[in-house]
Amino acid sequence: MGLQEIEAKEKQFVDPVAETPGFDETQSRIAITGHPIHAMSVSFPIALTFCTLAADMLYWWTGDPFWARGALWAVGGAFLLGMLAGLSGTAELLLVSGIRVRAAAWTHFIIAVTLLSLLGTNWGVRLSGYESAVLPYGILLSVLCVLVVGFTGWHGGKLVFDYRLGISKGK
């Protein structure tokens, strides 16, 4: 099989999604001087999710109520700032046709909403008694949140760095 035959076969296969109008329009619409707000704002909830687990582990190790109270504030901050990051991400998803048409963007959205649900649950469990909530359920929820934030963060980074979503006008 020659090069011309291979090229002819490749032309037969057309990605129907790539043929969608607006597929190459992936530049952020929710941005400050070209810097996407969603990409800038997700670092805070990610960091606070890890801080929650660290505070839970320090409470478990030391028994000092300071760490249980710190975990309460950290997970509350992760949830509230995550909601703000989620609003900008949802706006990007719905407003930018080149993002909206890709299944990978919807997958990231679903994982992120799951994470926000877990963070909200983790915070809610602690509101009625932050010390008693740490062991065992608080720390287990924190481990689960760290796993999910790692997965959604990796997936979101893949969307930005591999697919250039939100930062460029297309491939």
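To be clear, the structure that these remarks concern was listed above.
Since this is a predicted model, take the numbers as computed values, not measurements. (Residues numbered from 1 in each chain as written. Predicted model: local features only at pLDDT ≥ 70, side-chain atom pairs only at ≥ 80, totals over all residues. Heavy atoms only, no water.)

(A) Layout of the side chain of Arg 126. Within the element layout of this structure, Arg 126 appears in helix H6 (residues 103–127). Engagement of the side chain of Arg 126 in a polar contact is seen with the side chain of Ser 142, the distance being 3.1 Å. In contact with Arg 126, not counting residues within four places along its chain, are Thr 52, Asp 56, Ala 71, Leu 72, Val 75, Ala 133, Val 134, Gly 138, Ile 139 and Ser 142. (Helix = DSSP H or I, 4+ residues; strand = E, 2+ residues; numbered from the N terminus. Polar contact = N/O pair within 3.5 Å; in protein donor to acceptor, adjacent residues only side chain to side chain. Contact = heavy atoms within 4.5 Å.)

(B) Focus on the side chain of Asn 122. Within the element layout of this structure, Asn 122 appears in helix H6. Overall, Asn 122 belongs to the buried group, its relative accessible area being 1%. Here the side chain of Asn 122 touches Arg 126 through a polar contact of 2.8 Å, side chain to side chain. In this structure Asn 122 touches Thr 52, Val 75, Gly 138, Leu 141, Ser 142 and Cys 145, once residues within four positions along its chain are discounted. (Buried < 20%, exposed > 50% of the residue type's maximum accessible area, 1.4 Å probe, protein only.)

(C) Spotlight on the packing of helix H3 (residues 43–62) against helix H4 (residues 65–95). As a packed pair, H3 and H4 sit with axes 8 Å apart at the nearest point and diverge in direction by 165°. The pairing of H3 with H4 is recorded here as roughly antiparallel in orientation. Seen from above, H3 lies across H4 with left-handed handedness. Contact residues: H3 offers Phe 44, Pro 45, Leu 48, Thr 49, Cys 51, Thr 52, Ala 55, Asp 56, Leu 58, Tyr 59 and Thr 62, while H4 offers Pro 65, Trp 67, Ala 68, Gly 70, Ala 71, Ala 74, Val 75, Gly 77, Ala 78, Leu 81 and Gly 82. Classifying every residue of the contact of H3 with H4 by side-chain character gives 15 nonpolar, six polar and one charged. (Axes fitted to C-alpha atoms, helices over the stretch in contact; angles between N-to-C directions. Parallel < 35°, antiparallel > 145°, perpendicular 65-115°, else oblique. Left-handed = near helix turned anticlockwise from the far one by under 90°. Nonpolar A, V, L, I, M, F, W, Y, C, P; charged D, E, K, R; others polar.)

(D) A look at the nonpolar core. Residues Val 75, Ala 78, Phe 79, Ile 111, Leu 115, Leu 116, Leu 118, Leu 119, Leu 141, Cys 145, Val 148 and Val 149 constitute the largest nonpolar core, which totals 12 residues. When residues of this core are traced back to their parent elements, those giving at least two are H4, H6 and helix H7 (130–161). No other element matches H6, which puts five residues into this core. Leave out the neighbours within four places in its chain, and Leu 118 touches Leu 141, Leu 144, Cys 145 and Val 148. (Core = buried A, V, L, I, M, F, W, Y, C linked by side-chain atoms within 4.5 Å.)

(E) Layout of the environment of Gly 157. Mapped onto the fold, Gly 157 is located in helix H7. Between the C-alpha atoms of Gly 157 and Trp 106, which are 51 residues apart in sequence, the distance is 14 Å.

(F) Expanded view of the pattern of salt bridges. The final tally for this structure, using the stated rule, is two salt bridges. When the shortest N-O distance is used, the salt bridge between Arg 126 and Asp 56 registers 2.6 Å. Taken as a pair, Arg 126 in helix H6 and Asp 56 in helix H3 lie far apart in primary sequence, 70 residues in all. With respect to class, Arg 126 is no different from Asp 56; both count as buried. (Salt bridge = Lys/Arg side-chain N within 4 Å of Asp/Glu carboxyl O.)

(G) Summary view of the layout of surface pockets. The volume enclosed by the largest pocket comes to roughly 770 Å³. Residue lining of the largest pocket: 36 residues in total, with His 38, Val 42, Gly 89, His 108 and Gly 156 positioned closest to the centre. At the level of elements, helix H2 (37–41), H3, H4, H6 and H7 are the ones that each hand at least two residues to the lining of the largest pocket. The class makeup of the residues in the lining of the largest pocket is 23 nonpolar, 12 polar and one charged. (1 Å grid on protein atoms, 1.4 Å probe; cavity = no way out; pocket = protein on both sides within 12 Å on 5 of 7 lines; lining within 4 Å. Points joined across faces, edges and corners; volume = space filled by probe spheres on them.)

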